[in-house]
Amino acid sequence: MSILNTTVSLGVVASLSLAIAVFIASYITALCFTPSNRDPQASKQAGYKSSSTKFFFFYYANTTAQLMGLYHAILCLNYPTPSSKLCPRPSNISPLLFTWNPHTVLCLALIVFAGQVLLSCFTRLGPNFSQDLTPPRSLVTTGPYRWIQHPSYAASIIIFLTNCALFQRRDGVAACWLPTSVIHGETFGHMMWVGYLGTAAVGCYALIQRVKSEEAVLRSSFGAEWDIYHKRTKRFIPGLV
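What you see is a predicted model, and the numbers here were worked out from it, not measured in a lab.

A. Summary view of helix H9 (residues 224-232). Every buried residue belonging to H9 is among Trp226, Tyr229 and His230, and all of these are buried. Considered in projection along H9, the buried side chains sweep an arc of 100 degrees and stay on one side of the axis. Those residues of H9 that are exposed and angled more than 90 degrees off the buried face are Ala224, Ile228, Lys231 and Arg232. Those residues of H9 that are buried are in contact with helix H8 (186-222).

B. Examining unusual backbone geometry more closely. With an omega of 10 degrees, the peptide bond running from Tyr79 to Pro80 counts as cis. Residue placement: Pro80 occurs in the loop between helix H3 (48-78) and helix H4 (95-98).

C. Summary view of the UniProt feature "transmembrane region" (unreviewed entry) in the protein chain. Mapped onto this numbering, the UniProt entry annotates "transmembrane region" (unreviewed entry) at residues 12-34, 55-80, 100-126 and 188-208. Span residues 12-34 is 91% helix and 0% strand, its end C-alpha atoms 33 Å apart. Taken end to end, residues 188-208 is 100% helix and 0% strand, and its first and last C-alpha atoms sit 30 Å apart.

D. Quick peek at the confidence of the model for the protein chain. Considering every residue of the protein chain, the mean pLDDT works out to 83; 85% of them sit at 70 or more. Confidence, read as mean pLDDT per element, is least for helix H2 (residues 40-46) in the protein chain (47) and greatest for H4 (94). Across residues 42-50, where pLDDT falls below 50, the model places six contacts with residues more than four positions away in sequence or in other chains.

E. How the structure looks around the packing of aromatic side chains. Counting across every chain of the model gives two aromatic pairs. Considering the side-chain rings of Tyr79 and Phe98, the 6.0 Å spacing of their centres and the 20 degrees angle between planes classify their relative orientation as stacked. With Tyr79 in the loop between H3 and H4 and Phe98 in helix H4, this residue pair connects regions lying 19 residues apart in the sequence. Each of the two residues, Tyr79 as well as Phe98, counts as buried. Both rings, one in Trp226 and one in Tyr229, keep their centres 5.8 Å apart while their planes meet at 55 degrees; by these two values the pair is tilted. With Trp226 and Tyr229 both in helix H9, this residue pair falls three residues apart, about one helical turn. Looking at Tyr229, the relative accessible area reads 3%, which means it is buried.

F. Geometry of helix H5 (residues 102-125). Relative to the 34 Å expected for 24 residues at 1.5 Å per residue, H5 spans 34 Å between its end C-alpha atoms, a close match to the ideal helical length. All of the buried residues along H5 are Thr104, Cys107, Leu108, Ile111, Ala114, Gly115, Leu118, Cys121 and Leu125. Its side-chain oxygen 2.9 Å from the backbone nitrogen of His103, Asn101 forms the N-cap of H5.

G. The nonpolar core, seen in detail. Counting 24 residues, the largest nonpolar core has Val22, Tyr71, Leu75, Ile93, Phe98 and Leu108 as the members making the most contacts within it. In terms of residue count, helix H1 (residues 2-32) provides more of this core than any other element does, five residues in total. Grouped together as the second largest cluster of nonpolar side chains are 16 residues, Cys121, Leu139, Ala155 and Ile159 included.

Cut-offs applied
- Residue numbers here run from 1 along each chain, matching the order of that chain's written sequence.
- Local features in a predicted model are, by the rule used here, given only for residues with pLDDT of at least 70; side-chain atom pairs are given and counted only at 80 or more, and totals for whole chains, interfaces and linings are based on all residues.
- Only hydrogens and water are set aside when side-chain values are computed; all heavy atoms of the structure are taken into account.
- Throughout, exposure labels follow a simple rule: accessible area from a 1.4 Å probe, protein chains only, divided by the maximum for the residue type, with under 20% read as buried, over 50% as exposed, and the rest as partly exposed.
- Put simply, DSSP H or I for four residues or longer makes a helix, DSSP E for two residues or longer makes a strand, and each gets a number counted from the N terminus.
- The directions considered for the arc are those from the helix axis to the C-beta atoms.
- We call two residues in contact whenever any of their non-hydrogen atoms come within 4.5 Å of each other.
- UniProt positions are given in the numbering used here, feature names are shortened, and annotations may be inferred rather than shown by experiment.
- By definition, pLDDT measures how confident the predictor is in each residue, and it falls between 0 and 100.
- Classification of ring pairs uses Phe, Tyr and Trp, with its six-membered ring standing for Trp, and accepts pairs whose centres are within 6.5 Å; under 30 degrees between planes counts as stacked, over 60 as edge-to-face, and the remaining range as tilted.
- Helix span is expected to be 1.5 Å times the residue number reduced by one.
- Think of a polar contact as two N or O atoms within 3.5 Å of one another; within protein, one of them needs to be a possible hydrogen donor and the other a possible acceptor, and neighboring residues in sequence only count if both atoms come from side chains.
- What makes a nonpolar core is a set of buried Ala, Val, Leu, Ile, Met, Phe, Trp, Tyr and Cys residues whose side-chain atoms join them at distances within 4.5 Å.

Set out below in structure tokens:
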């Protein structure tokens, strides 16, 4: 009986600790993808409709990610026997996503690490950190910017990919409500991959265009100072890219 009680207690601790870790990761993700400082004049020039659409998209995507993270945390707390009201098809969900294992540890660690890097960028840049392309007051080369030119984008990519690997999966929270034939079907799997690859392609294109625009503003604002810094550092991965 004592051994059984100990096993049950360890299982409860594991489930509770994972649920808390997932909630913290979701909260960090929400902080990182909250719309940054905005320049009213720049937004006006860009057009009210375009600005409002982007603003709405930020909050819609952010709210969806938070709700999925919260739902995931609740399932972790009740795994492997969630109630039918909470998860009508528990056999569809993968143990890889709802228990402590190398996959969940790596994903959660990357979200926390990248989140701290991104939040550090917010702190370092202060009012200079904005989604609007406005000339910054100074060229920041300390903190994460000491090693790479765009640490906020590198961190954002890591957070996005790890959220996809942990939360936005067909055998994750969505599996509770989708038919088993859909979850394990090849057609749906191919559609998911096409969606992932399409999103990645659009995201990479948008990122490249954004980086080019930002660097043009920085070169125009700081001239030789920017050129020296640009030659000394890489864009996304220290010493590589």
